[in-house]
Amino acid sequence: MVLEALIFDVDGTLADTERDGHRLAFNAAFREFGLDWAWDVPTYGRLLAVTGGKERMRHYVDTLRPDFAKPADFDDLVAQLHQAKTRHYTALLAQGGIPLRPGVRRLLQAARDQGLRLAIATTTTPENVTALLEHSLAPGSEAWFEQIGAGDIVPAKKPAPDIYRWVLTRLKLKPEQCLAFEDSGNGIRASCGAGLKTVVTINDYTADHDFGAAVAVLSDFGEPGAPFRVLRGDGLGKSYVDLDLLRAWHAVR
Ligand code: XBP
Ligand code: MG
């Protein structure tokens, strides 16, 4: 089948947003609310096992803060904290805080030039996607993506396949007509669960996750003069990901 569309995860895939983005924004929200919660780098790595910011905060309290006396309106508190966190995170992005990962801009531009359709399937909040695209990709670049599946649009977040299925339905495409791009174990369980061939670019938080189902696992997409490392799969002698390589991976049986 012909490759028609590329579906991208956001956090960890388009940009390294977790350690120095989301984590800092959570901590700023906790301080704003006078809470003594503070997520250091290793703790946040463990908390990433739970996708979704609201879900992650609840998981933190349930597993690591048995001492915290939950107020009767705990769900409200979580919702307010999450709104504050989103405000801190989008402000950080507006300051140009987080660059795209190597090769992301080039690949998106090449896909557009060649008429491949683009979409997003992410666990994060829609405002965060808009802010990242606007400030780190290009003003107005949200319009490059035909469908943006984000946040609470489906109740079951990754590793459930629902967000990918939602995007596929809206694109009116079969999984065999697309490639997905992910960076994490939860992400690839979601994409592969929806029947999508998946290319993985790892990061510090996800390097030891199980990517056995990936068609290729890479250090990053690479750039001319800044080659990627191929950790799994066949790089076909290339030093960076281009559309020919994506089409070759898409054709792998
Ligand atoms: C991203 C996430 C999100 C963000 C926070 O996962 O796990 O929870 O860390 O987002 P993926 P919100 O890359 O698999 O989509 O705070 O906006 O929920
Ligand atoms: Mg991710």
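Summarised in this report is the structure supplied together with it.

Cut-off values and rules
- Residues numbered from 1 in each chain as written.
- Chains lettered and ligands numbered in written order.
- Predicted model: local features only at pLDDT ≥ 70, side-chain atom pairs only at ≥ 80, totals over all residues.
- Heavy atoms only, no water.
- Near = heavy atom within 4 Å.
- Polar contact = N/O pair within 3.5 Å; in protein donor to acceptor, adjacent residues only side chain to side chain.
- Areas by Shrake-Rupley, 256 points an atom, 1.4 Å probe, with all protein chains shown as cover.
- Helix = DSSP H or I, 4+ residues; strand = E, 2+ residues; numbered from the N terminus.
- Nonpolar A, V, L, I, M, F, W, Y, C, P; charged D, E, K, R; others polar.
- Domains from an automatic or database assignment.
- Donors = N, O, S within 2.8 Å, 3.2 Å for Na, K, Ca; no water.
- Buried < 20%, exposed > 50% of the residue type's maximum accessible area, 1.4 Å probe, protein only.
- Contact = heavy atoms within 4.5 Å.
- Axes fitted to C-alpha atoms, helices over the stretch in contact; angles between N-to-C directions.
- Parallel < 35°, antiparallel > 145°, perpendicular 65-115°, else oblique.
- Left-handed = near helix turned anticlockwise from the far one by under 90°.

The immediate surroundings of ligand 1 are formed by 18 residues, with Gly52, Gly53, Arg56, Lys85 and Thr125 found nearest. Residue Asp9 places a side-chain N or O atom 2.8 Å away from an oxygen atom belonging to ligand 1. Thr122 is positioned such that a nitrogen or oxygen atom in its side chain is 3.2 Å from an oxygen atom of ligand 1. Against a free-state accessible area of 450 Å², the protein chains account for coverage of 97% of ligand 1. If you tally residues by element for the shell around ligand 1, the top one is helix 1 (residues 18-32), at 3 residues. Among the residues forming the shell around ligand 1, the class breakdown is 2 nonpolar, 10 polar and 6 charged. Viewed by domain, the shell around ligand 1 spans two of them, domain 1 (5-16 + 99-251) and domain 2 (18-94), each represented by three or more residues.

Here we take up the coordination of the magnesium ion (ligand 2). Donor atoms from the polypeptide that bind the magnesium ion (ligand 2) are Asp9 (OD), Asp11 (O) and Asp183 (OD), placed at 2.1 Å. Mapped onto the polypeptide sequence, the residues donating to the magnesium ion (ligand 2) form the spacing pattern D-x1-D-x171-D. Judged by relative accessible area, Asp9 falls into the buried class, the value being 5%.

Further remarks concern the side chain of Arg65. Relative to the assigned elements, Arg65 resides in the loop between helix 3 (53-64) and helix 4 (74-94). Polar side-chain contacts of Arg65 include one of 3.2 Å to the side chain of Tyr60. Excluding residues within four positions of it along the chain, Arg65 makes contact with Asp36, Trp37 and Tyr60.

Moving on, we get to the packing of helix 3 against helix 4. Closest axis-to-axis distance for the helix 3/helix 4 pair is 9 Å, and the angle between their directions is 125°. When the interaxial angle is binned, helix 3 and helix 4 end up oblique. Where helix 3 crosses over helix 4, the handedness of that crossing is right-handed. Where helix 3 approaches helix 4, its residues Gly53, Lys54, Met57, Arg58 and Val61 are matched on the opposing element by Phe74, Asp75, Val78, Leu81 and His82. Taken together, the residues of the contact of helix 3 with helix 4 sort by class into 5 nonpolar, 2 polar and 3 charged.

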